[in-house]
Amino acid sequence: IWQVAADREYEAAVEDAALGGVVGAETLAAKKAARPVSAKALLAAKAAAEKNGRDGEALAWIHLQKLVAAGKIASADWSARANAVSPFDFSITEADGSPVRIDAKSTSGEFERRVHISFAELIAASEGPRYDLWRVYGIDGEGARLRIARDIAPLAKSILEGLSLPSGVAIDGVSIDPSVLTWGEEIEIVRPDEPIE
């Protein structure tokens, strides 16, 4: 079946594996007789995921600018644009002055695809200020959809507390099934006619 038609499960597994996800790699290994994954296909999936990440950040920025213009938040800063190794993509100040960090996790696929969070992001989320996860998904030429998980600190702390690594060993990140988080309602982001600043 995977050879005959595009399969969302296959596409999600390739994307997850390209980002280093164990679940995606295991899914592909179980199906390898039906449709093997070439090194070229895996590299293309990784490049597509990176492009989606950049595009998703830009779409999240569009939404943040609308929130600032409407007075729903006081200010927004695109932290990752100034510092590519920032453990969050955006830093905002809410209308009441509260600081919030935001990390946008993007895919052209479905909302249910696994979310990859780096170890540095887990640490930042666990330490405060509030750290929200923005799931930008269904990215296409028109825009994308967005759902927000507010304050992922409890999950980040739980993951970090559960790790007991020997000296000299570090992990790069984790992949998370979106169903373990509580998400807000879906928001539509429409691309503007003019380029994003």
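Definitions and cut-offs
Residues numbered from 1 in each chain as written. Predicted model: local features only at pLDDT ≥ 70, side-chain atom pairs only at ≥ 80, totals over all residues. Heavy atoms only, no water. Salt bridge = Lys/Arg side-chain N within 4 Å of Asp/Glu carboxyl O. Buried < 20%, exposed > 50% of the residue type's maximum accessible area, 1.4 Å probe, protein only. Helix = DSSP H or I, 4+ residues; strand = E, 2+ residues; numbered from the N terminus. Arc of directions from axis to C-beta. Polar contact = N/O pair within 3.5 Å; in protein donor to acceptor, adjacent residues only side chain to side chain. Contact = heavy atoms within 4.5 Å. Core = buried A, V, L, I, M, F, W, Y, C linked by side-chain atoms within 4.5 Å.

Student: With reference to specific residues and values, describe the pattern of salt bridges.
Tutor: Two side chains with opposite charge may pair up if their charged atoms get near one another. In this structure the tally under the stated criterion is nine salt bridges. In this structure, Arg 130 and Asp 132 form a salt bridge, with 2.7 Å as the shortest nitrogen-oxygen distance. Asp 132 matches Arg 130 in its accessibility class, with the two residues each being buried. The partner of Arg 145 in a salt bridge is Glu 186, with the nearest N and O atoms 3.4 Å apart. Of the two residues, Arg 145 is situated in strand E6 (residues 143-149) and Glu 186 in the loop between strand E7 (173-176) and strand E8 (187-190); the sequence distance between them amounts to 41 residues. A relative accessible area of 32% means that Arg 145 is categorised as partly exposed. The network of salt bridges with common partners includes Glu 11, Glu 15, Glu 110 and Arg 113.

Student: A description of helix H6 (residues 153-161) should follow, citing residues and the corresponding values.
Tutor: Along H6, the positions that sit buried rather than exposed are Ala 153, Ala 156 and Ile 159. Each buried residue of H6 sits inside an arc of 130° when the element is viewed along its axis, so together they form one side. Facing away from the buried surface of H6 by more than 90 degrees, the exposed residues are Pro 154 and Glu 161.

Student: Can you break down the side chain of Thr 107 residue by residue, with the values?
Tutor: Its place among the elements puts Thr 107 in the loop between strand E3 (99-106) and strand E4 (115-118). For Thr 107, the side chain forms a polar contact with the main-chain nitrogen of Gly 109, separated by 3.0 Å. Contacts of Thr 107, omitting those with residues within four sequence positions, involve Glu 15, Asn 52, Arg 113, Arg 135, Val 136, Tyr 137, Gly 138 and Ile 139.

Student: Describe the nonpolar core, naming the residues involved and giving the relevant values.
Tutor: Membership of the largest hydrophobic core comes to 22 residues, with the highest contact counts inside it found for Leu 64, Phe 90, Ile 102, Trp 134 and Val 136. Listing elements by their share of this core, those giving two or more residues are helix H3 (39-69), strand E2 (90-94), E3, strand E5 (130-137) and E6. Sorting elements by how many residues they give to this core places H3 first, with seven residues. Phe 111, Ile 159, Leu 181 and Trp 183 belong to the second largest nonpolar core, which has 17 residues in total.

Student: Give me the environment of Ser 98: which residues, what numbers.
Tutor: Here Ser 98 shows up in the loop between E2 and E3. On the basis of relative accessible area, Ser 98 is assigned to the partly exposed category, the value being 27%. Each C-alpha atom of the pair Ser 98 and Arg 130 lies 8.7 Å from the other, and the pair is 32 residues apart in sequence. With near-sequence residues (within four places) excluded, Ser 98 lies in contact with Ile 92 and Thr 93. Side-chain polar atoms of Ser 98 contact the side chain of Asp 96, separated by 2.8 Å.

Student: Could you give me a rundown of the side chain of His 63, with the residues and numbers involved?
Tutor: Along the chain, the position of His 63 falls in helix H3. Taking the relative accessible area as the measure of exposure, His 63 reaches 14% and is therefore buried. Beyond its immediate chain neighbours, meaning those up to four positions away, His 63 contacts Trp 134, Leu 146, Ile 187 and Ile 189.

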